[in-house]
Each structure stands twice: as C-alpha cells, then as structure tokens.
Amino acid sequence: RDPNILNLLQGSEYEISYFLDDLMGFQVKARADIISSAGFVADLKSCAGDPQDIDYIKGEVSKWGYDVSAAFYMDIINKCLELNGDDYRIEKWFWAFASGVKQTSKVYQATDEVLRIGRYKYQQGMKGMAKAQAANWEIPNEIEYIDPVYWDREFLDKIEQQSTSPKGSNFL
C-alpha cells in the first residue's frame, strides 16, 4: 500500500456528483472519485504500464484526455462550491495511478500548465458543441479523404508487386 495514496484518502469524501445548470450554455456533471475540503481532488486511474515511469504517465494523461477531464471537473466543482456558499475551492488535482500487472502505484499532481491545456481543450470542444447546437445539430456532411501515412506507403509497392507477379497474389 502506497502511503501517499492512503494519505489522500483520509478525511475525504468519495464518489460525489456535482451538477451545474450552465457552463458555456450546457448542463454539465462532474463526479469526483475523492474530494477533500483541504482543496484537492484525487482521481484514481489504473494502467497497464509502470506508474513509476513519469514519461509513460504523461503519455497516458495526454492520450486519454485526463487533462481535459481534470480541468472540466475542477471548473464544475468550483462553480458548484461557489454557488453553494462553501468556503473552500479545489486548487489541486491529483492522479493516483496503480498497476495490477506491475504491482506498483504512484501519485502525481497536475501542474497549472496541464490544467490550462485541459481547460483550453474542453472549452474548444464546448464551443464546437454550441456551434452545432445553433445549427440545430445539423452537422454539414463534409467528407475528407485520408491518404496513407508515409510509413505505410511501402505496402502499396508490395501490393503492386504481388498483383503483377507470375504466381498471382490470392492470399485470402
């Protein structure tokens, strides 16, 4: 048991939901794993890799949008606390990563930069939603073509070689 994770759990509330009628024109909800009146939220995450590897964790935070959900939830929770007249705000966001495979865990704190980036991402997404809502959710049917990435182009040569070889290329 990681003592840092256990310390986060002391004096905290679990699985608390917050509902806000208007965030950028939308009704929203946040559900915190762990919230403390000491001014932090802890979000519990499992991972397949090594939670002790900060570069791996940075990749997970970006890949899974944990920065977006942290900023989004933090803004919702703080607005609800303000509206309820509570005398504290959430100022810190922690992720507690654990791996059953590696049998390790580690706690990380989101930096202000990570939260700013997450906030920008969610606000851009909500602006896009507002635009779609204003258009009565009628999204233009714009089709774009995706060409292969440069490292896959070598397969086109191989396919061409197979189809013109004397033996044929029926491998299915």
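Trainee: Mind showing me how you'd approach the nonpolar core here?
Mentor: For soluble globular proteins, nonpolar side chains are generally found buried alongside one another. Ranked by internal contacts, the top residues of the largest apolar core, which has 31 residues, are Ile 76 and Ile 77. Mapped onto this core, the elements with two or more residues apiece are strand S1 (13–23), strand S2 (26–36), helix H2 (54–63), helix H3 (66–83), strand S4 (92–99) and helix H4 (112–134). Per-element accounting of this core gives the leading share, nine residues, to H3.

Trainee: Where do I start with the pattern of salt bridges in this structure?
Mentor: Two side chains with opposite charge may pair up if their charged atoms get near one another. Under the criterion given, the structure shown has seven salt bridges. Where Lys 45 meets Asp 43, a salt bridge forms, and the shortest distance between an N and an O atom there is 3.2 Å. We classify Lys 45 as buried; its relative accessible area is 17%. Residue Asp 43 is classed as buried on the basis of its relative accessible area of 9%. Here Lys 63 makes a salt bridge to Glu 60, at a shortest N to O gap of 3.2 Å. Here Glu 60 and Lys 63 lie together in helix H2, a separation of three residues that amounts to about one turn. A residue is classified by how much of its surface remains accessible, and Glu 60, at 10% relative accessible area, is buried.

Trainee: How should I be thinking about the packing of H3 against H4 in this particular structure?
Mentor: To describe two helices that pack against each other, one gives the angle between their axes and the distance between the axes. One can describe the packing of H3 onto H4 by two numbers: an axis separation of 7 Å at closest approach and a directional angle of 80°. The angle between the axes of H3 and H4 places the two elements in the roughly perpendicular class. Across the interface between the two elements, Asp 67, Val 68, Ala 70, Ala 71, Phe 72, Met 74 and Asp 75 from H3 touch Val 114, Leu 115, Ile 117, Gly 118, Arg 119, Lys 121, Tyr 122 and Met 126 from H4.

Trainee: Would you take a moment to explain the sheet that holds S4 for this structure?
Mentor: Neighbouring strands of a sheet are bound in pairs by backbone hydrogen bonds; such pairs are parallel or else antiparallel. Spatially, S1-S2-S3-S4-S5 is the arrangement adopted by the five strands of the open sheet, whose pairing is mixed. Because the sheet does not close on itself, it has two edges, and the strands there are S1 and strand S5 (104–109). Taken over all neighbouring pairs, the strand axes of this sheet differ in orientation by 35° on average, direction set aside. The pairing of S2 with strand S3 (residues 40–46) spans three bridges and is antiparallel. In the sheet register, Ile 35 faces S3, and the bridge partner there is Val 41. With respect to the sheet, H4 is in contact with S1, S2 and S4, its orientation differing from that of S2 by roughly 155°.

Conventions we followed
Residues numbered from 1 in each chain as written. Predicted model: local features only at pLDDT ≥ 70, side-chain atom pairs only at ≥ 80, totals over all residues. Heavy atoms only, no water. Core = buried A, V, L, I, M, F, W, Y, C linked by side-chain atoms within 4.5 Å. Buried < 20%, exposed > 50% of the residue type's maximum accessible area, 1.4 Å probe, protein only. Helix = DSSP H or I, 4+ residues; strand = E, 2+ residues; numbered from the N terminus. Salt bridge = Lys/Arg side-chain N within 4 Å of Asp/Glu carboxyl O. Axes fitted to C-alpha atoms, helices over the stretch in contact; angles between N-to-C directions. Parallel < 35°, antiparallel > 145°, perpendicular 65-115°, else oblique. Contact = heavy atoms within 4.5 Å. Pairing = 2+ DSSP bridges.

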